[in-house]
Amino acid sequence: MNKNFYDICYEVLSHYLHFPDVANTYKSINDGLDYMRNFPQDIWNFRTKKGEIISYIQTMRLNNIIDAYQDPSNMLLLVPVPSWKPLADASPEELYNNLAGEIPRLILKGIHQTVKHLNENLNDNLLTAELIQQDTRILKKYGLQDTEEIYSYGQA
């Protein structure tokens, strides 16, 4: 995962909150970041918050446009963090890893939504294929917020 790419995309999203779906995705990202920052550190708090965190993860996994992406050469490319057991049975570390895995997926979703608002005739699958390359040039290509600070940060 290219953390720099996702950090830049997150910043870019903040400039497009006038689109209701983007604003909703941005809020979901921030909710996830909040869950991560305040992740329960002891077993008692974990048990208390576990259901809420699982509900968040499950809700975020519903109808994410990037899950529709089909790549026959890499079927597991965008699958959420793999787990051999249900989230309800996850240890604190496993649940945290699942939670952390949702943030980049939501950021991709938000950038996808933004690009589609600005370029509505783009093919969803092709756009997702470009986004998962994690190259900041995609942001300029589709005319997203062009601030030198954001792009120079991405090139460093």
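Residues numbered from 1 in each chain as written. Predicted model: local features only at pLDDT ≥ 70, side-chain atom pairs only at ≥ 80, totals over all residues. Heavy atoms only, no water.

**Q** Would you mind going over the packing of aromatic side chains in detail, with residue names and values included?
**A** Across all of its chains, the model carries six aromatic pairs by this definition. For the pair Tyr 35 and Tyr 56, a centre-to-centre distance of 5.2 Å together with 50° between the ring planes defines the contact as tilted. A residue pair is termed long-range when its members are at least 10 positions apart, and Tyr 35 in helix H2 (residues 20–37) and Tyr 56 in helix H3 (residues 43–60) qualify at 21 residues. On the basis of relative accessibility, which here comes to 7%, the residue Tyr 56 falls in the buried class. On the basis of an interplanar angle of 50° and a centroid distance of 6.1 Å, the ring pair of Phe 39 and Phe 46 is categorised as tilted. (Phe/Tyr/Trp six-rings, centres within 6.5 Å; stacked < 30°, edge-to-face > 60°. Helix = DSSP H or I, 4+ residues; strand = E, 2+ residues; numbered from the N terminus. Buried < 20%, exposed > 50% of the residue type's maximum accessible area, 1.4 Å probe, protein only.)

**Q** Which residues make up unusual backbone geometry, and what values do they have?
**A** One non-glycine residue, Asn 63, lies in the positive phi region at around 55°. With respect to the element layout, Asn 63 can be found in the loop between H3 and helix H4 (92–118). Phi at Gln 134 takes a positive value of approximately 55°, unusual for a residue other than glycine. Locating Gln 134 in the fold gives a position in the loop between helix H5 (124–131) and helix H6 (137–141).

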